[in-house]
Amino acid sequence: MSGENLRDIHAFLAVARERSFTRAAAQLGVSQSALSHAIRGLESRLGLRLLTRTTRSVAPTEAGERLVQSVASRFDAIQEELAAFGELRDKPAGTVRITTSDFAARTVLWPKLSKLQPEYPDVKIEIAIDPGLADIVAERYDAGVRFGDQIARDMTAIRISPDIRMAIVGAPSYLEKRPVPKTPADLTRHDCINMRFSIRGGVYAWELRKGKRNLQVRVDGPWTFNCIYPVLDAALAGFGLAYMPEDLAQPHIEAGRLRSVLKDWCPTFPGLHIFYASRRLSSPALSLIVEALRYRRTRGG
């Protein structure tokens, strides 16, 4: 196979995965016109149409999907082998892509990695804020960050935070207008601030626990977000009750800007973990990041 075909297949795979010429061009560092030219050249040489293009989307044709299935894994294997040569360097190098929530990014990843990266200038860190449960292998991330009970068993997971207790909070200005909820059923009579983890997913049901009783309560309200910090902002503005990590709410509770309700129903979740496919730890850069994030219990903690 010629070098031209290899380059153009690599370009095609990027478009097929991203479902977008714009995103694929940015990923490859080329112009959209050059990318489009490469795809047309490949289609011309193969005598097959590989992509279906509309004004709003791009998707592989049947032939294109067959090409993805047959060659994508081989390209991935080549890239992983090339990345492994980084082990021969004196210092870790390369790009590490991590998918995480905004809460984890702000409270754990940024405080630790912002101190680490200047010491290793050849390591580039890409953080993708996505509260959904992304498939890190399919979406080509090196690692992800989630609560410990959300990670597939075939992944290697390392704890990066203590356990996290949840809280239900509201602003005094909101709670002055409504009776304070005494039971989970009372939440259905309140304005609540919702989260939706992905465009295709449903609105998140609040997970509550008291003793051996576990409930998932679906609430309603005027606002829905896909990240936790806008939820906090809406709660502080008095738009309703919100469900969030207690650590996030605590400074505002202490300052009197928020009040906690239904404390005895708020569960504690396994802490945040960084996880990855086992073979990925062959990357010295990822190993460096995992060790920097690893949670180490303090005495009495």
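What counts as what
- Residues numbered from 1 in each chain as written.
- Predicted model: local features only at pLDDT ≥ 70, side-chain atom pairs only at ≥ 80, totals over all residues.
- Heavy atoms only, no water.
- Helix = DSSP H or I, 4+ residues; strand = E, 2+ residues; numbered from the N terminus.
- Buried < 20%, exposed > 50% of the residue type's maximum accessible area, 1.4 Å probe, protein only.
- Contact = heavy atoms within 4.5 Å.
- Areas by Shrake-Rupley, 256 points an atom, 1.4 Å probe, with all protein chains shown as cover.
- Lys, Arg positive; Asp, Glu negative; His and termini not counted.
- Charge placed at Lys NZ, Arg CZ, Asp CG, Glu CD.
- Pairing = 2+ DSSP bridges.
- Salt bridge = Lys/Arg side-chain N within 4 Å of Asp/Glu carboxyl O.
- pLDDT = per-residue confidence, 0-100.
- Phe/Tyr/Trp six-rings, centres within 6.5 Å; stacked < 30°, edge-to-face > 60°.
- Axes fitted to C-alpha atoms, helices over the stretch in contact; angles between N-to-C directions.

### Overview of the overall build of the chain
Looking only at helices and strands, the chain has 9 helices and 15 strands in total. Expressed along its principal axes, the backbone C-alpha trace of the chain runs to roughly 70 × 50 × 35 Å. Looking at the 301 residues of the chain, the share that counts as buried comes to 42%. The long-range fraction of contacts in the chain, counting pairs at least 24 apart against all pairs at least 6 apart in sequence, stands at 74%. Within the structure as shown, the chain displays about 16,900 Å² of accessible surface, and the carbon and sulfur contribution to it stands at 51%. Separation of charge centres in the chain, based on 43 positive and 33 negative side chains, amounts to 3 Å.

### Some points on the pairing of strand 10 (residues 213–217)
Pairing analysis gives 5 bridges linking strand 9 (residues 206–210) to strand 10, with the strands arranged antiparallel. Across the sheet, residue Trp206 finds its bridge partner in strand 10, namely Val217. Count of turn residues in the strand 9/strand 10 antiparallel hairpin: 2 residues, of which Gly211 carries a positive phi of about 60°.

### Considering the pattern of salt bridges
Inspection of every chain in the model, using the stated rule, returns 10 salt bridges. Between Asp163 and Arg159 there is a salt bridge; the shortest N-O distance is 3.0 Å. Taking the relative accessible area as the measure of exposure, Asp163 reaches 44% and is therefore partly exposed. Note on Arg159: relative accessible area 22%, which makes it partly exposed. Put simply, Glu291 and Arg296 hold a salt bridge, and the shortest N to O gap is 3.3 Å. For Glu291, a relative accessible area of 37% gives the class partly exposed.

### Remarks on the confidence of the model for the chain
For the chain, the mean per-residue pLDDT works out to 87, and 90% of the residues sit at or above 70. Model confidence for the chain, summarised as mean pLDDT per element, is weakest for helix 4 (residues 62–84) at 76 and strongest for strand 12 (residues 242–245) at 98.

### Some points on the packing of aromatic side chains
Using the criterion set out here, one finds 5 aromatic pairs in the structure. On the basis of an interplanar angle of 5° and a centroid distance of 5.7 Å, the ring pair of Trp223 and Phe225 is categorised as stacked. The class of Trp223 is partly exposed, set by a relative accessible area of 36%. Taken together, the aromatic side chains of Tyr204, Trp206 and Tyr243 make up a single cluster linked through ring pairs.

### A word on the environment of Thr183
Structurally, Thr183 can be placed in the loop between helix 6 (172–175) and strand 8 (194–195). Sequence spacing of Thr183 and Val261 is 78 residues, and the spatial spacing of their C-alpha atoms is 9.6 Å.

### Some remarks on the sheet that holds strand 5 (residues 143–147)
A sheet is described by the order of its strands in space; here 5 strands give the open sequence 4-3-5-15-6, paired in mixed fashion. A single partner strand is all that each edge strand has here, and the edge strands are strand 4 (123–129) and strand 6 (156–159). Between one strand axis and the next, the sheet turns through 25° on average, direction left out of account. The sheet contact formed by strand 5 and strand 15 (residues 272–276) spans 4 bridges and is antiparallel. Bridge pairing links Val145 to Ile274 in strand 15. The strands that helix 9 (residues 284–293) touches are strand 3 (94–100), strand 4, strand 5, strand 6 and strand 15; relative to strand 15, the one it contacts most, it runs at about 165°.

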